[in-house]
Amino acid sequence: MAIIRETIRAIFITLMLWLLTALVYPLVILVVGQVFFPYQANGSIMLNLNNEPIGSALIGQTFTSERYFHSRPSIVRYSQGRKARPTGISGASNLAPSNPELLNRIVEQSNQLRDENLQPIADIIYTSGSGLDPHISFKAARQQLERVARARGVAEDEILRLINKYTDDRFLWIFGEPGVNVLRLNYALDLQDLNRQQN
């Protein structure tokens, strides 16, 4: 009798834990996310003026035009084109420091930056651990400021205000370093150009 009672109790506890962890908890998180944080819960997708998705503020994008601030280099193939499509991929190159391919990529990136009269600094040469980092350091953004201002034909001070606006502080004011969200900054630059054209 004791074995049957203990077996029933074990099955009951297992079912209750399954109910809590597989149904109740996910549903509560889903409801809280959709009610109180819908933008973040749905991937922080940014929309353009035509209400089309242009990317996630949480995932790095590739920008190659002189008119835009460039993101960190990445081995991951970011979603490109007019409409952002998640690639579902994250990860680094996994190349060892002794690998000649890694060294060649870094030298090539450094030479390209020198051709643009930029000092090669870590976050615009080295890829991030996940390959999806949406931020660059304030220093990396500041280095690209002259190029972007010249390509857009605007004063550096106008763009510097946007850099400051889209610089995210340290997490909980103590963890990590401040970083400039490249997608949000570049979209704000486009909006600024559009407003200038309309006025």
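It should be emphasised that the depicted structure is a prediction, and the values quoted were computed from it without experimental measurement. (Residues numbered from 1 in each chain as written. Predicted model: local features only at pLDDT ≥ 70, side-chain atom pairs only at ≥ 80, totals over all residues. Heavy atoms only, no water.)

(A) View of the overall build of the protein. From N to C terminus, the protein includes six helices and five strands. Helices and strands in the protein line up, N terminus first, as α-α-β-β-α-β-α-α-β-β-α. When the 199 residues of the protein are sorted by exposure, 32% land in the buried category. By sequence separation, contacts in the protein at least 24 residues apart represent 56% of the contacts at least 6 residues apart. With the model as given, the accessible surface of the protein reaches about 13400 Å², and the carbon-plus-sulfur share is 60%. Measuring between centres, the 20 positive side-chain charges of the protein sit 5 Å from its 18 negative side-chain charges. (Helix = DSSP H or I, 4+ residues; strand = E, 2+ residues; numbered from the N terminus. Buried < 20%, exposed > 50% of the residue type's maximum accessible area, 1.4 Å probe, protein only. Contact = heavy atoms within 4.5 Å. Areas by Shrake-Rupley, 256 points an atom, 1.4 Å probe, with all protein chains shown as cover. Lys, Arg positive; Asp, Glu negative; His and termini not counted. Charge placed at Lys NZ, Arg CZ, Asp CG, Glu CD.)

(B) Expanded view of the pairing of strand S2 (residues 53-56). In terms of strand pairing, strand S1 (residues 45-47) meets S2 through three bridges, oriented antiparallel. Bridge pairing in S2 places Ile45 opposite Ser56. Between S1 and S2, which follow one another and run antiparallel, lie five residues, and Asn51 among them has a positive phi close to 65 degrees. (Pairing = 2+ DSSP bridges.)

Limitation: the analysis is restricted to geometry and does not speak to function.
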